[in-house]
Every structure is written in structure tokens, then in C-alpha cells.
Amino acid sequence: MELKSVRGMDDLFGEELLRWRRVEEIVRNVFSHFGFAEIRTPALEKIEVFSRTVGDATDIVEKQMYTLTDISKEQLVLRPEGTASFMRAVIEHQLHQLAGPQRFFYYLPMFRHERPQKGRLRQFHQFGAELIQDPSPEADAEMISLVDTLFRKVGLREFRVRLNSVGCGTCRPAYRELLVKYLKGHIDQLCEQCKLRLERAPLRVFDCKNESCKNITAAAPLIADNLCAACSGHHRRVQGSLHALRVPYENDPTIVRGLDYYTRSAFEFTSSALGSQDALGGGGRYDGLSAQFGKANFPGVGFAAGMERVMIALAAAGSSAMHESKPSAFLAPLGEKAFELLYKMSFELKRAGVFADLSYDREKGLKNLLKAADKRGAAWAVVVGDDELAKGKALIKEMKTGTQEEIPISEIPTYLQTRINRAP
Ligand SMILES: [Zn+2]
Ligand SMILES: [Zn+2]
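Residues numbered from 1 in each chain as written. Chains lettered and ligands numbered in written order. Predicted model: local features only at pLDDT ≥ 70, side-chain atom pairs only at ≥ 80, totals over all residues.

What to know about the sheet that holds strand β12 (residues 329-333)
A sheet is described by the order of its strands in space; here five strands give the open sequence β13-β12-β14-β15-β16, paired in mixed fashion. The strands lining the two open edges of the sheet, one partner per strand, are β13 (356-358) and β16 (404-408). When strand polarity is set aside, the average angle formed by the axes of neighbouring strands in this sheet is 25°. In this structure, β12 lies alongside strand β14 (residues 380-384), joined through five bridges in parallel fashion. Bridging across to β14, L331 finds its partner in V382. The sheet strands contacting helix α11 (residues 336-351) are β12, β13 and β14, and the helix crosses β12 at an angle near 165°. The sheet strands contacting helix α12 (residues 366-376) are β12, β13 and β14, and the helix crosses β12 at an angle near 165°. (Pairing = 2+ DSSP bridges. Helix = DSSP H or I, 4+ residues; strand = E, 2+ residues; numbered from the N terminus. Axes fitted to C-alpha atoms, helices over the stretch in contact; angles between N-to-C directions. Contact = placed C-beta atoms within 7 Å.)

Describing helix α6 (residues 172-184)
With 13 residues, α6 extends 18 Å from end C-alpha to end C-alpha; this agrees with the ideal 18 Å at 1.5 Å per step. Looking at the packing, one finds that the buried side of α6 touches α7 (192-200) and α8 (211-218). (Expected span 1.5 Å × (residues − 1).)

Things to note about the pairing of β12
Of all the five residues making up β12, five are buried; the element is thus mostly covered by neighbouring parts of the structure. The alternating pattern of β12 places A329, L331 and P333 on one face and F330 and A332 on the opposite face, and all of these are buried. Alignment of β12 against β13, held across three bridges, turns out to be parallel. Bridged to L331 within β13 is L358. Between the parallel elements β12 and β13, the chain passes through α11 in a crossover that is right-handed. (Buried ≥ 20, exposed ≤ 12 C-beta atoms within 10 Å, placed from the backbone. Right-handed = clockwise from strand over helix to strand, strands pointing away.)

So, the packing of helix α5 (residues 137-154) against helix α9 (residues 229-244)
The relative placement of two packed helices is expressed as an angle between their axes plus a distance between the axes. The N-to-C vectors of α5 and α9 enclose an angle of 45°; their axes lie 8 Å apart at closest approach. As summarised for this structure, α5 and α9 are arranged oblique, according to the angle between their axes. Of the two possible hands of crossing, α5 and α9 adopt the one that is right-handed. When α5 is examined against α9, the residues P137, E138, D140, A141 and I144 are found in contact with a partner set consisting of H234, R237, V238, S241 and L242. Here the residues of the contact of α5 with α9 are counted per class, giving five nonpolar, two polar and three charged. (Parallel < 35°, antiparallel > 145°, perpendicular 65-115°, else oblique. Left-handed = near helix turned anticlockwise from the far one by under 90°. Nonpolar A, V, L, I, M, F, W, Y, C, P; charged D, E, K, R; others polar.)

So, the packing of helix α1 (residues 14-33) against α5
As a packed pair, α1 and α5 sit with axes 9 Å apart at the nearest point and diverge in direction by 145°. Note that α1 runs across α5; the crossing there is right-handed. Across the interface between the two elements, V23, I26, V27 and V30 of α1 pack against T149, L150, K153 and V154 of α5. Considered class by class, the residues forming the contact of α1 with α5 number six nonpolar, one polar and one charged.

Thoughts on the nonpolar core
Soluble globular proteins: nonpolar side chains tend toward being buried together. A129, M143, V147, V154, A305 and V310 are the most contacted members of the largest nonpolar core, which has 76 residues in total. Per-element accounting of this core gives the leading share, nine residues, to α5. The contacts of V147, once residues within four sequence positions are left out, are F269, G281, F303 and A305. F330, A332, A381 and V384 belong to the second-largest nonpolar core, a separate cluster that totals 25 residues. (Core = buried A, V, L, I, M, F, W, Y, C linked by C-beta atoms within 7 Å.)

Digging into the domain arrangement of the protein chain
Here the domain parsing of the protein chain yields domain 1 (14-171 + 227-321) and domain 2 (329-417). Its C-alpha centre places domain 1 at a distance of 48 Å from the equivalent point of domain 2. (Domains from an automatic or database assignment.)

Focus: the sheet that holds strand β3 (residues 66-69)
Taken together, three strands build an open sheet; the order of strands is β2-β4-β3 and the sheet is antiparallel. In the strand order of this sheet, the two ends are held by β2 (44-46) and β3, each with one partner. Neighbour to neighbour, the strand axes of the sheet diverge by 35° on average, direction disregarded.

Considerations on the pairing of β3
Note that β3 and strand β4 (residues 75-78) share four bridges and pair antiparallel. The residue of β4 that forms the bridge with T69 is Q75. Following β3, the chain reverses through five residues before pairing antiparallel with β4; K73 in that reversal takes a positive phi of roughly 70°.

Re unusual backbone geometry
That bond from G100 to P101 is cis: its omega, -5°, falls within 30 degrees of zero. Backbone geometry at K73 places phi at a positive 70°, although glycine is not the residue there. Relative to the assigned elements, K73 resides in the loop between β3 and β4. Although it is not a glycine, R246 sits at a positive phi angle of roughly 55°. The topology assignment puts R246 in the loop between α9 and β8 (250-251). R246 gets classed as exposed once you count the C-beta atoms within 10 Å, which come to 8.

Right under this line is the structure:
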């Protein structure tokens, strides 16, 4: 029997993995510049972590969770999203008792039993951030600015930020009633799933991609027009902060997020490069979430973005992070003696942080070696033959310009290091 990977769970290797690593590095750097510290939670959690909090009426809990019963009959779930596990960890370790606000980020694989398609896998990767213990609108704007910076730093340009407010415990119940009344008046035109949503999570009708449902929601009452004074004040200040931080965004009253625990700010990042599944990620304020875990009660705001989606959008944008890694120096030996010298030098360079590639074929001849250096995409070729050995010098050729010079062999490492560090 031929063994294959589980459907919707990919192997990652070669150039593709290197591209991921470069993006991951940029993402980690931005998080740390914004003062966010990493947290890692286990892949398996007790089922209640999600069933109590993510909301029974969401697709995630209803149909997509990988659940298993372990040998001691405990019901466990492979983490389908990051925030619920994060909150479980915060409360378990009483991190919310420390002086706030506190900032965390995570980068972890998630698991959902969905129909696999481009940009939607059953094991996928999310990076996200959570800022807890602060209820202010400036924290919401900080989170949106963080995501905006992350996407720009990794090389994305064609993305949009959509912002909405989903209200709070004061204004949402009345709006919900208004919406249900409206939707019931058009119940014949709703799809089967939306008829169910109508009872359990009516706001999620806005998420439906069905054309008929979209026509109905296009004329539906909007939460934005039904916010209480505190919520509309909060919303205005989020927008004011985004203006001050020069983060471009647009108001979109249909952004409701699928999860019940969101309050006030809800936002989504989309990219046209992704086609119909255009979400790069999203987030919002979740002041109501901690209380669902028991005694704790503290505000929070966060986001999560899909790594696979980001990589697709980057490839479509022809981002520089997508370029394959090329050696800085290609060491070309002409003969056995030159090889011995360059073999040692190649490791000296590698230890000094210079990506040096060495031809193990020392009988190739100058022309073929330079051809090989060109093929590998090396920035410099270092040629050493008997003539050079006799003089104690090497020939260094800059591949892009074709200019070459002879320099003492002992100076090669410094020569390359200073030039590589100067390169953009
Ligand atoms: Zn409100
Ligand atoms: Zn529908």
C-alpha cells in the first residue's frame, strides 16, 4: 500500500519552505517591535475550551472540529483557532492578574475539517496577536495598525482593511431583534443554512455567500445605525486613531465576524489576489470572552491571519520575499590544491554567516565554473587556480556587473562580508 499524507494536510519543504521561513522571520520581527511576546499553547485542548466559548452556532464547532476521545475517555479537540486556547492559558496562569495591558502573539498550526481547496487546508497556519486588559479604542487601532504593518513588511500591497462595530451587550440585543424581524419577513428567500442561523446567530446571515441571501442582507437594518452612544463614541475614536496613524481603511457594515464573543470593533483584511476566498485574516474586540471561562473578566482585542493565504497573495504580488535563496559567493577551484584551500574557506565563510557555495568538481575549467556560478544565481564568484595560488591572490568576479579584481586570499572573507552587509 502506498502511504500518502492526510487530505488537506501538506508537506512543506524546499524553496517553498524557505519562502515561509523568510515571511515568518519578518512577522516575528514586527511583533517584537510592537512589543508582543510569543505564547505557544498545545495542539490538543479539552473540548469545552471551544464548545463553551467559540459558540455552538458556529461552523467551527458544529462541523469542523477534529475531536477525539483519548484512552482515558477524555474528549479532546485539535485546536481549530487561537483565541480560545490563548484565553484558557491566560486564565490558567493568571496572566491577567499581572500589570496590563499585556501583548501576546502566536504562530501555530490549526486544524479544521473543511473541504480542502486553494488557501483552505485542514491543517493550516495562523499568526495572530492578542492585547488584553485594555478597553480603549486606541488599542483596537493599534491592533489594526499592527496587521497593516505586518502585511506591508512581508511585501503585500494589494490588501484592504474593512472595519465595523458589532455593538455591545447594551445595543446588540435590540438590533438583533430588529434584524430577526426583518429577516423573518423575507424568510422564503433565505437559504436553508440562513434559516437556521436566523434562530441562533442572525448576524451571521451577513456572512452568507448565497446570492439570494446577499440581496436580502443588502437592504437589512445595519448595526452601525443602531449602536448605543458608548459604542458609536468608541467606533469614532477607533477611526480617529487610524487617521492619526495613517492606516487606510474603509467602513463595511457587513463585517460581523463569525464568532459570538466579539464586541464593538470587528475588522477583516482582504486581498483581491485570493479570488473568491479573499480573506487574509481578521479580528476584533472580545470583551465578553473571558467571562465565559468563569471568574475572570477583562477586555481584549486581537486578530489572526492565515499564513497559507498570505503566501498565495505574496506569490501573486511577485513579492521579493518569494525569491529563492541564492548563494552570496560561489567558490570555483581550478585544480586539487585550490580546492583544498577553498574547501576550508567555504566553511570559514559559512561560520561567519556568508552563504558560500563550493564546486566539488575541481576539473571543470574556468568557463564552466563561471557558468555554474551564474546558474546558481551567486552574487560573486571566487576563482583560485595555480597562478593565483602562486601569487597568494584570488580572482573575485561580481556576477551582475562582470567586473573583477585580484585580492589577497587572506582578505576574501572580510571582502565578502563587508559587501554582503552593504547589499539591500
Ligand atoms: Zn453598545
Ligand atoms: Zn444564506
